[in-house]
Amino acid sequence: MTYNDAILLQRNTAKKVLADKDDFGEISRICGVDVAYNGNDSSSRSDTAYASAVIMDRNMRYIVESVDVQTLVKYPYIPGLLMLREAEPIFYALRMLKNTYDLLLIDGHGVLHPRRCGLACYIGVTLNKPTIGVAKSLLCGTVRSDGFIEFDSEILGYAMSKKLYISIGHRMTLKTAIALIKENGVEPLRLADINSRKNRKKKPSD
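Residues numbered from 1 in each chain as written. Predicted model: local features only at pLDDT ≥ 70, side-chain atom pairs only at ≥ 80, totals over all residues. Heavy atoms only, no water.

## Regarding the packing of aromatic side chains
By the definition in use, this model includes two aromatic pairs. Taking 6.1 Å as the distance between ring centres and 55° as the angle between the ring planes, the aromatic pair formed by Phe 91 and Tyr 122 counts as tilted. Of the two residues, Phe 91 sits in helix α2 (residues 82-96) while Tyr 122 sits in helix α3 (residues 119-127), which places them 31 residues apart along the sequence. Note on accessibility: Phe 91 and Tyr 122 belong to one class, buried. Here Phe 148 and Tyr 158 contribute two aromatic rings whose centre-to-centre distance is 5.0 Å and whose plane-to-plane angle is 65°, an arrangement assigned as edge-to-face. Within this pair, whereas Phe 148 is found in strand β7 (residues 148-151), its partner Tyr 158 is found in strand β8 (residues 154-161), the two being separated by ten residues in sequence. Judged by its relative accessible area of 26%, Phe 148 falls in the partly exposed class. A cation over a ring is seen here: Arg 85 above Tyr 37, with NZ or CZ 4.1 Å from the ring centre. (Phe/Tyr/Trp six-rings, centres within 6.5 Å; stacked < 30°, edge-to-face > 60°. Helix = DSSP H or I, 4+ residues; strand = E, 2+ residues; numbered from the N terminus. Buried < 20%, exposed > 50% of the residue type's maximum accessible area, 1.4 Å probe, protein only. Lys NZ or Arg CZ within 6 Å of the ring centre and 35° of its normal.)

Right, here's the structure in full:
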């Protein structure tokens, strides 16, 4: 896929994101998925991605299932196009899960993106799953005094802290996404991050 193809895909996907109403039933299981690389971060020129997915019950009392996978990296990191690099490892990890989940947490932005389609939107729309983008850094926009993030005169996200930025991935409103994170936290995503990094450090013989 070329750079221009990816931009067009983002713009077309953005049109499919459901962000004006809540389109899901009861949430009893929450899945978090994250990707690590041979280097220190996603800008590494490594050739292997280590993806981990963790499903927990909504009350965060126990882990329902956890999987770890490895796959080759096909694209370099390009700001604003994280989906090119991370979508395939994430899809691979999620396909390995034997249990279902009701909400997906992605380590990346959702509509809080210059083209209104970050990694969380692409994953959410492709899988047609209720999804929330949970990013560690701000890609665009300005954090207002009330915590909401404004970009191009639109409210696109919310800063839970200086290292936790929430935005819609798919099938819910921002108000609901914020409430779900405040109520349930991001433990499945935190564990997926830990697991992916541990998997990266393992030797091939381990």
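Moving on from the model shown.
## A short note on the nonpolar core
Counting residues in hydrophobic clusters, the biggest one holds 42 residues, and the most contacted among them are Leu 94 and Ile 123. In terms of residues, this core owes the most to one element, α2, which gives seven residues. Setting aside its immediate chain neighbours within four residues, Leu 94 contacts Cys 31, Val 33, Ala 53, Tyr 101, Leu 104, Ile 123 and Leu 127. Within the second largest apolar cluster, 17 residues are counted, among which are Val 134, Met 172, Leu 189 and Ala 192. (Core = buried A, V, L, I, M, F, W, Y, C linked by side-chain atoms within 4.5 Å. Contact = heavy atoms within 4.5 Å.)

## Considerations on the sheet that holds strand β6 (residues 142-143)
Here nine strands make up an open sheet; going across it, the order is β3-β2-β1-β4-β5-β9-β8-β7-β6 and the pairing mixed. Whereas interior strands pair on both sides, the edge strands pair on one side only; in this sheet they are β3 (63-72) and β6. Direction of pairing for strand β1 (residues 29-37) relative to strand β2 (residues 48-57): antiparallel, over a ladder of nine bridges. Residue Tyr 37 lies in a different strand from β2, and its bridge partner there is Ala 49. In the packing of helix α4 (residues 174-184) onto the sheet, contacts are made with β1, β4 (103-106), β5 (131-135), β7, β8 and β9 (164-170), and the angle to β8 comes to roughly 10°. Sheet contacts for helix α5 (residues 187-201): β1, β2, β3, β4 and β5; angle to β1, the most-contacted strand, approximately 30°. (Pairing = 2+ DSSP bridges. Axes fitted to C-alpha atoms, helices over the stretch in contact; angles between N-to-C directions.)

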